[in-house]
Amino acid sequence: SQFDFRATVAYNRDLGKEGHHIISLFGGVEMNIVDRKTTENYDYGYQYDYGGTPYMNYTLFKQMQEEGGTYYDNYVQFSRSLAFFAMGTYSYRGRYTLNGTIRYEGTNTLGRSRNARWLPTWNVSGAWNAHEERWWQPTFGDAWTHASLKASYSLTADRGPASNSMVVFESFSPFRPSTDASETGIQLSALANDELTYEKKHELNIGAAFGFVDNRINLEFDWYKRDNFDLLGYVQTMGVGGVTTKFANDATMESTGVEFTLSTVNVKLPVFTWGTDLIFGWTENKITKLDSYSQVIDLVDGRGWGRLQGYPINCLFSIPFAGLTEEGLPTFHGNNNTLIGPSNYSDIYFQEYSKEQLEYLKYEGSLDPKINGSFGNTFGFFNNSLKLEMFFTYQFGGVLRLDPLCTVNGNNYSDLAASMKEMKNRWVVPGDEKVTTIPVIASTRQLSTIQNLAEGYSAYNYSDQRVAKSDFIRLQSLSLSYDLPSKYF
């Protein structure tokens with residue numbers, strides 16, 4: 001259930017004549033209340049083939065009671081927020097515009113201290129419309145139709161995923177050896193985190209927009225620089241209080257980006273028109289400060305959960321592959337230039353997160369592409385009654401983790417993993433290690449005699465041999481439409 005309240009007041013006035021000095025003021029308050037309840041029902045005994053008639057077996061409930069199981073679960077969450085905001089704008093003859101906004105917001109999902117729970121955010125911006133100057137039209141005419149310059153600087157914030165500003169307790173059914181001794185209990189789910197605060201961001205934007213040839217050619221350019229701080233993430237603790245990881249404002253990050261837009265009307269005739277739209281975006285970010293370390297598995301699995309100082313927020317690392325043995329088994333480069341192979345696969349520890357244990361990993365790149373954009377063409381015939389539209393998207397500069405190629409699960413292989421296309425080029429006979437990098441399908445003897453063989457094959461799946469670029473140019477949509485003349489309706 002959700003309750004929203006919002007009250008605003010606005011004031012607009014022209015202090016001069018003919019729009020010389022226009023002032024706009026706007027302010028208000030808003031309050032949000034959200035109560036969420038999630039219920040899970042397991043519905044044991046529901047007979048789908050017999051009209052949903054339940055079949056109850058008392059021994060199942062006896063077992064659940066003895067082992068502390070549950071037949072249903074309820075989760076309740078409360079969210080409260082209150083914000084005050086104001087905005088002021090001044091414009092002189094449509095040429096110069098100054099704008100300022102401020103917002104003061106508080107929420108119950110963050111720390112109890114006033115400095116953590118309440119935060120003022122603001123934005124200051126300005127724009128110059130050069131084409132509104134008196135000298136513009138006599139100087140450029142229709143050759144240069146319009147030109148605008150704009151800039152802004154702001155402090156914005158996000159609540160992030162944290163929700164344990166206070167200690168969190170949950171009810172549960174503890175294990176008891178017999179049903180007559182069963183009882184309910186309360187357990188600690190999360191420690192209080194009184195100092196959790198908003199994820200904040202300072203952002204500088206500079207942009208320009210130009211139009212040429214009676215606005216048949218339009219250019220827009222935007223550049224931004226962002227400094228994020230107090231970013232939320234899990235940090236490792238000494239275990240005091242009963243937990244080894246907890247949420248904290250533990251990171252800072254800087255990012256820079258550029259976006260360029262070009263729209264043109266290439267042909268404009270009564271029987272044929274052709275327009276083009278091009279968008280180009282480039283972005284790059286780097287974590288500049290981090291008070292925690294990620295596990296090896298989070299850095300190499302390709303999901304983007306791992307973080308490391310000095311690298312992008314969604315970075316991908318790999319275990320460096322060192323070739324195959326004479327039996328077709330994978331080897332890797334480890335810490336201190338050691339070689340990891342069949343005799344010491346146990347040295348691969350995916351849960352390790354100390355700084356020293358991460359130095360041997362190979363950086364592959366960012367999971368997020370640095371370059372992305374789109375390109376579209378619109379062709380119109382017979383006064384645009386018939387239209388052909390083609391829209392392409394593209395991205396470059398990113399990497400991804402390929403699906404696992406080799407999987408050892410006990411003494412069995414998955415049929416899907418063993419029959420992938422790349423397995424045609426796997427190691428088969430001695431000497432193949434010189435011409436292929438794909439390991440052998442392990443024999444029964446190797447599975448029984450080589451300890452931790454599964455870790456070796458898992459390391460191969462997370463090695464630099466299973467990484468690819470995520471670059472593409474894609475035809476996103478292709479459409480042909482025709483508008484019937486109005487006389488038929």
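Residues numbered from 1 in each chain as written. Predicted model: local features only at pLDDT ≥ 70, side-chain atom pairs only at ≥ 80, totals over all residues. Heavy atoms only, no water.

Draft legend 1. Inspection of the side chain of Asn-344 at higher detail. Its place among the elements puts Asn-344 in the loop between β16 (339-340) and α5 (355-358). Given a relative accessible area of 17%, Asn-344 falls into the buried group. A polar side-chain atom of Asn-344 sits 3.2 Å from the main-chain carbonyl oxygen of Leu-339. (Helix = DSSP H or I, 4+ residues; strand = E, 2+ residues; numbered from the N terminus. Buried < 20%, exposed > 50% of the residue type's maximum accessible area, 1.4 Å probe, protein only. Polar contact = N/O pair within 3.5 Å; in protein donor to acceptor, adjacent residues only side chain to side chain.)

Draft legend 2. The sheet that holds strand β15 (residues 330-333), seen in detail. Read from one edge to the other, the open sheet built from three strands follows the order β14-β15-β16, with strand pairing classed as antiparallel. Strands with a single pairing partner mark the edges of an open sheet, and in this sheet they are β14 (321-324) and β16. Pairing geometry for β15 and β16, over two bridges, is antiparallel. The residue of β16 that forms the bridge with Phe-332 is Ile-340. Strands in contact with helix α8 (residues 453-461) are β14 and β15; relative to β15, the strand with the most contacts, it is inclined by about 65°. (Pairing = 2+ DSSP bridges. Contact = heavy atoms within 4.5 Å. Axes fitted to C-alpha atoms, helices over the stretch in contact; angles between N-to-C directions.)

Draft legend 3. Representation of a nonpolar patch on the surface in the model. On the surface, a cluster of nonpolar side chains totalling about 510 Å² of accessible area is made up of Ile-102, Trp-122, Val-124, Tyr-153, Leu-204 and Ile-206. Put simply, the parts of the chain that give the nonpolar patch at least two residues each are β5 (118-129) and β9 (199-212). With respect to the secondary-structure elements, Val-124 resides in strand β5. (Patch = residues over 30% accessible without salt bridge, like charges linked within 9 Å, V, L, I, M, F, W, Y side chains within 5 Å. Areas by Shrake-Rupley, 256 points an atom, 1.4 Å probe, with all protein chains shown as cover. Salt bridge = Lys/Arg side-chain N within 4 Å of Asp/Glu carboxyl O.)

Draft legend 4. Molecular detail of α8. Every buried residue of α8 is listed here: Leu-453, Gly-456, Tyr-457, Ala-459, Tyr-460 and Asn-461. Of the surrounding elements, those touching the buried residues of α8 are β14, β15, β20 (399-401) and α7 (444-449).

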